[in-house]
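Chain residues, written in single-letter form:
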Amino acid sequence: MVKKPSALPRSFLSLRRLLRRSISGRHYRRTTSATGARAAAPAQDKLKDRTVLVDVEGWLLRSPLSAFPYFMLVAVEAGSFLRGLLLLLVYPVLCLLALIGLDLRLEAMVMVSLFGLREREVARVSKAVLPKFFLEDVTMEGLEAFKKAGTVVAVTAAFPRVMVEGFLKEYLGVHAVVGREVAVAAGRYVGFLEEEHAGMERVGAFLEKMQETRSKGDGAVGLLGAVGRAVHHVDSRYCKETYVLSEVDKKAWQPLPRDKYPNKLVFHDGRLAFRPTFFAALAMYTFAPLGIILAALRCIAFGVLPYRVSVPLAAATGMRSRLVAGPSPDTSREKNEAGGRLYVCNHRTLLDPITVAAGLNKPVTAVTYSVSPVSELLAPIRTARLTRDRDEDRRRMEALLARGDLVVCPEGTTCREAYLLRFSPLFAELTGEVTPVALDTRVDMFYGTSTKPGAKWLDPFYFMMNSRPEYRVEFLERVATAPADGEAGGHGHSIQAANRVQRVLGEALGFELTGLTRKDKYMMLAGNEGVVSGGAK
């Protein structure tokens, strides 16, 4: 009979565990696992001025298990629709491999989405496209928990750092973002993702530098998800206190309302107007051939047929144009002294002047700045290019207004969200009164605007590709722009008149007024002032 080895004394085992915890610093750690949504997050004052380590996928985002939509956005917006199709075809195979224990999804999605793309293009997409979709996925309770923290370090394991850094720093105020890097050669991504432990080592190195916090003795606090990842190992070494959020508790947390965004989302870019989950992306690619046919038919209808025919024909294909009851655009007043009426509208897409002409059921002239020559050639209405020289532009607009009705968009660029940009005051110097036109759009699949160079002439085509695009047009009461008796004219008065028209349109649309300009938009989204030689605005 073989004699079993005697077990070590319990006291010796306890001593060994105690020594191990002392060496690693784990004796500082206190883990809190909540049983309810309210108790899951610590009070804001508890984390005030402290260093907080946040698990992006486990704590902050509502749907961390599905990174596919974000990689699809990068593939389409930084690459092409063909690259997005390749990712769509590969993904089911990756899911099947995961079922047999070989989970290569993250590495494969990084390779398909980023391979060969320029660093600056991926950085542009991560800053201009992805934040909108990430913000829609942020939990309100998760963000509120570290709102008053002194230093916030965000850690991601499900995304490369380049995909989340712009969103976390620009819109959530995170101080540092640590994640896995993608190999780069000659300014282009090779597609290889570094090992997970390498990213976690950078987390530890960053926390070790927080000497000021450590000297206070309060230590760092970890906010983690329940799913075990390498971030838990880092937390156990560097955080004195940890809050672990269970999946049950997380389901009870609410999405972050738009009015609670730390920084307002006024501008964003990209073609896709929906979250491209696997099945949503599959539906888009299935619909795309029909969408191209619909767009061609709608463009031909508006370009060739009279409005009384083209509008009902477009409606038969699913395109809706709503003319909201208001003062009659033809009989609201007599023509001004210049001979035509001046219609001032907010800017949603390049189709705005065409929609105004359809609402009036008569021809108008639209002024443009740097619209592509292709768009001017295909436009079914008269267009006139301006020069951005104030005196010359004023002379041109006065001459156009003397010959007929004129449509201007004083914002100077399109804005997708419920905001109005600052109005250029030049239009207020042309006539004594203007007719504001409130415009709003609805799309279900593709945005009809873009800041990507070389693609602006496709904007109307993408808008027409939607299955049910909608334009809402409302002609408002005229607004006086001429100085009243006793008032001084000049540039100062025109600015006040432009602000008054902006306010009237904002009230009609329910949009928020801003002082942002065209230059602000392009500096934020494209890193330039929006003036491209021979290109589009």
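From a predicted model like this one, the values you see are computed outputs, not experimental measurements.

**Student:** Would you mind going over the overall build of the protein chain with me for this structure?
**Tutor:** Looking only at helices and strands, one finds 22 helices and 18 strands in the protein chain. Per-residue burial over the protein chain gives 50% buried out of 537 residues. Sequence separation of 24 or more characterises 75% of the internal contacts of the protein chain that already satisfy a separation of 6 or more. A total accessible area of about 25200 Å² is found for the protein chain, and carbon and sulfur atoms account for 57% of it.

**Student:** Explain empty space enclosed by the protein here, please?
**Tutor:** Rolled over the atoms, a probe as big as a water molecule pinpoints where empty space is left. Evaluation of the coordinates by the stated rule reveals two cavities of 30 Å³ or more. By residue class, the composition of the lining of the largest cavity is three nonpolar, five polar and three charged. Counted as a void, the second largest cavity has a volume near 60 Å³. F302, M319, S321, L351, I354, T355, A358 and M464 are the residues that line the second largest cavity. Taken together, the residues of the lining of the second largest cavity break down into six nonpolar, two polar and no charged.

**Student:** In this structure, what is going on with the packing of aromatic side chains? I would like to understand it.
**Tutor:** Aromatic ring pairs: the centre-centre distance and the angle between the two ring planes describe each pair. Under the counting rule described, the total for this entry stands at 15 aromatic pairs. On the basis of an interplanar angle of 20° and a centroid distance of 6.3 Å, the ring pair of F81 and Y462 is categorised as stacked. One end of the pair, F81, is in helix α5 (residues 81-99); the other, Y462, is in helix α20 (residues 459-465), and 381 residues separate them in sequence. Linked through ring pairs, Y70, F71, F134, F159 and F167 together constitute an aromatic cluster. If you follow K132 out to its NZ or CZ, it ends over the ring of F133, 4.6 Å from the centre. Positioned above the aromatic ring of Y447 is the side chain of R416, whose terminal nitrogen or guanidinium carbon lies 3.9 Å from the ring centre.

**Student:** Honestly, the confidence of the model for the protein chain in this entry has me stumped. Any pointers?
**Tutor:** Averaged over every residue, the pLDDT of the protein chain is 83; the share at 70 or more is 81%. Contacts from residues 1-39, a stretch scored under 50 in pLDDT, to residues over four places away or in other chains number 32 contacts. Considering only residues more than four positions removed or in separate chains, one finds that residues 532-537, a stretch of pLDDT under 50, has 18 contacts.

**Student:** What is the right way to read the pattern of salt bridges from this model?
**Tutor:** Where side chains of opposite charge bring their charged atoms close, a pairing between them can arise. Here the structure, examined in full by the defined rule, presents 27 salt bridges. The shortest N-O distance in the salt bridge between E241 and K46 comes to 3.7 Å. Residue E241 is found in strand β8 (residues 239-245), and its partner K46 is found in the loop between α2 (37-40) and β2 (51-55); the two are separated by 195 residues along the sequence. In this structure, R161 engages E165 in a salt bridge whose closest nitrogen and oxygen atoms are separated by 2.3 Å. Placement of both R161 and E165 in helix α10 (residues 161-172) is noted, with a separation of four residues, approximately one turn of the helix. In this structure, a network of salt bridges that share partners links the residues E121, R124, D269 and R416.

**Student:** Sorry if this is basic, but what is going on with the UniProt feature "transmembrane region" (unreviewed entry) in the protein chain here?
**Tutor:** The positions UniProt marks with the feature "transmembrane region" (unreviewed entry) are residues 70-91 and 278-305. The distance from the first to the last C-alpha atom of residues 278-305 is 39 Å, and the span holds 96% helix and 0% strand.

**Student:** Teacher, can you tell me more about the state of the cysteines here?
**Tutor:** Any covalent bond linking the sulfur atoms of two cysteines counts as a disulfide. Tallying each qualifying case throughout the model produces zero disulfides. Of all cysteine sulfurs in the structure, the one in C345 sits closest to C409, which takes part in no disulfide; the separation is 3.5 Å. Exposure remark for C409: the relative accessible area of 16% places this residue in the buried category.

**Student:** What am I meant to see in the side chain of H493 here?
**Tutor:** Take H493: it is sitting in helix α21 (residues 491-509). Residue H493 is classed as buried on the basis of its relative accessible area of 8%. Of the polar contacts made by the side chain of H493, one reaches the backbone oxygen of T481; its length is 2.9 Å.

**Student:** For this particular structure, what's the right way to read a nonpolar patch on the surface?
**Tutor:** Nonpolar side chains collect at one region of the surface, where L96, L99, I100, L102 and L104 lie side by side and expose about 550 Å² of accessible area between them. Within the secondary structure, L104 sits in the loop between α5 and α6 (105-114).

**Student:** Before we go on, may I ask you to explain the packing of α5 against helix α15 (residues 278-304) in this structure?
**Tutor:** A pair of packed helices is captured by two measures, namely the crossing angle of their axes and the spacing between those axes. In contact at an axis separation of 11 Å, α5 and α15 are set at 130° when each is read in the N-to-C sense. Taken together, α5 and α15 sit at an angle that is classed as oblique. Every pair of crossing elements has a handedness; the one defined by α5 and α15 is left-handed. On α15, the residues that touch F81, G84, L85, L88, Y91 and P92 of α5 are F278, A281, L282, M284 and Y285. Here the residues of the contact of α5 with α15 are counted per class, giving 10 nonpolar, one polar and no charged.

**Student:** Help me out: how do you make sense of α6 in this one?
**Tutor:** Since the α-helix packs 3.6 residues into each turn, any two residues three or four apart lie on the same face. Counting buried residues in α6 gives seven out of 10 residues, a clear majority hidden from the surface. Within α6, burial applies to L106, A108, M109, V110, V112, S113 and L114. At the exit of α6 stands G116, carrying a positive phi of roughly 85°.

**Student:** What is the right way to look at the environment of L85 in this model?
**Tutor:** Mapping L85 onto the fold places it in helix α5. In this structure, the C-alpha to C-alpha distance between L85 and M72, residues 13 residues apart in sequence, is 8.8 Å.

**Student:** Just checking my understanding: could you explain α5 for this structure?
**Tutor:** With 19 residues, α5 ought to run about 27 Å at 1.5 Å a step, and its terminal C-alpha atoms sit 28 Å apart, in line with that. If you look at α5, its biggest bend is around 30°, right at V90, and the proline P92 turns up within four residues after that. Where α5 is buried, its residues contact α4 (68-79), α6 and α15. Of the residues flanking the end of α5, it is G101, one or two places downstream, whose phi is positive at about 95°.

What counts, and at which threshold
Residues numbered from 1 in each chain as written. Predicted model: local features only at pLDDT ≥ 70, side-chain atom pairs only at ≥ 80, totals over all residues. Heavy atoms only, no water. Helix = DSSP H or I, 4+ residues; strand = E, 2+ residues; numbered from the N terminus. Buried < 20%, exposed > 50% of the residue type's maximum accessible area, 1.4 Å probe, protein only. Contact = heavy atoms within 4.5 Å. Areas by Shrake-Rupley, 256 points an atom, 1.4 Å probe, with all protein chains shown as cover. 1 Å grid on protein atoms, 1.4 Å probe; cavity = no way out; pocket = protein on both sides within 12 Å on 5 of 7 lines; lining within 4 Å. Points joined across faces, edges and corners; volume = space filled by probe spheres on them. Nonpolar A, V, L, I, M, F, W, Y, C, P; charged D, E, K, R; others polar. Phe/Tyr/Trp six-rings, centres within 6.5 Å; stacked < 30°, edge-to-face > 60°. Lys NZ or Arg CZ within 6 Å of the ring centre and 35° of its normal. pLDDT = per-residue confidence, 0-100. Salt bridge = Lys/Arg side-chain N within 4 Å of Asp/Glu carboxyl O. UniProt positions renumbered as here; feature names shortened; annotations may be inferred. Disulfide = S-S within 2.5 Å. Polar contact = N/O pair within 3.5 Å; in protein donor to acceptor, adjacent residues only side chain to side chain. Patch = residues over 30% accessible without salt bridge, like charges linked within 9 Å, V, L, I, M, F, W, Y side chains within 5 Å. Axes fitted to C-alpha atoms, helices over the stretch in contact; angles between N-to-C directions. Parallel < 35°, antiparallel > 145°, perpendicular 65-115°, else oblique. Left-handed = near helix turned anticlockwise from the far one by under 90°. Expected span 1.5 Å × (residues − 1). Bend = angle between axes of the 7 residues up to and from the residue.

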